[in-house]
Amino acid sequence: MSSPERSDMEAYQDVLQEMAERLEVADGFLAGVGTKFDLESAALQLRLVSELMVLGSLITNREAISCVSSVLKLQDEPNKTRAAARKANPDYWPRAVEHRHEKDREFSITPATETVINEADWGPEFGFVSELLHAHLPQRPPRDLQADAERLQGLSTRIKALLKVHVIVLVGAQHAFVGRVDMDKREVEVAILQRYPEES
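Residues numbered from 1 in each chain as written. Predicted model: local features only at pLDDT ≥ 70, side-chain atom pairs only at ≥ 80, totals over all residues. Heavy atoms only, no water.

Asks: Where do I start with the packing of aromatic side chains in this structure?
Replies: What characterises a pair of aromatic rings is the spacing of the ring centres plus the angle enclosed by the ring planes. Under the definition given, this model contains three aromatic pairs. Ring centres of tyrosine 12 and phenylalanine 177 lie 5.5 Å apart, and the angle between their planes is 20 degrees; this geometry places the pair in the stacked category. One end of the pair, tyrosine 12, is in helix α1 (residues 6-31); the other, phenylalanine 177, is in strand β4 (residues 175-182), and 165 residues separate them in sequence. For the residue pair tyrosine 12 and phenylalanine 177, the accessibility class agrees, reading buried in each case. For the ring pair tyrosine 92 and tryptophan 93, a centre distance of 5.9 Å and an interplane angle of 85 degrees mean the geometry is edge-to-face. As far as the burial class goes, tyrosine 92 and tryptophan 93 line up, both buried. A cation over a ring is seen here: arginine 151 above phenylalanine 128, with NZ or CZ 4.0 Å from the ring centre. (Phe/Tyr/Trp six-rings, centres within 6.5 Å; stacked < 30°, edge-to-face > 60°. Helix = DSSP H or I, 4+ residues; strand = E, 2+ residues; numbered from the N terminus. Buried < 20%, exposed > 50% of the residue type's maximum accessible area, 1.4 Å probe, protein only. Lys NZ or Arg CZ within 6 Å of the ring centre and 35° of its normal.)

If you want it as structure tokens, here you go:
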């Protein structure tokens, strides 16, 4: 695969910006959940963020993004969605990292220690937010709005922890995007890393 273009980096930055804005909207609804409409509005934003998480790493592969997007639109089957994403890019899932500036090097990247949403959690959480967007049958017991809101808030927190500073390995594994989302300052940045051949 050829090097990602600047437009790819800008497209991924746009994806992160949209995710940050949707997370902020979701948090606004979750701050004072009083009705099922607040809960459903937050769930809608988190459902869209969840879709963007899977599609984001495929930004440089238009054919793959089209295939995965079709799976997402046709069915609420997270396992098929992840399988399609994995087929296009085995390293599609973002990896949370911490970066430090050091004296002898410009910076170093190490795995993050915060609790983040991981690939295995994505399916059940995607199913949960999707379920909240379906009509609730009257004969079923009413939903526990507070418990559902707490679960959504936990999901939002883990997504924000993942996106704070993360690495996405692009298709072909020779390049990666390092993304940074600062929710407090409303800043989004993306940089490109290139893998250099290992010395023999």
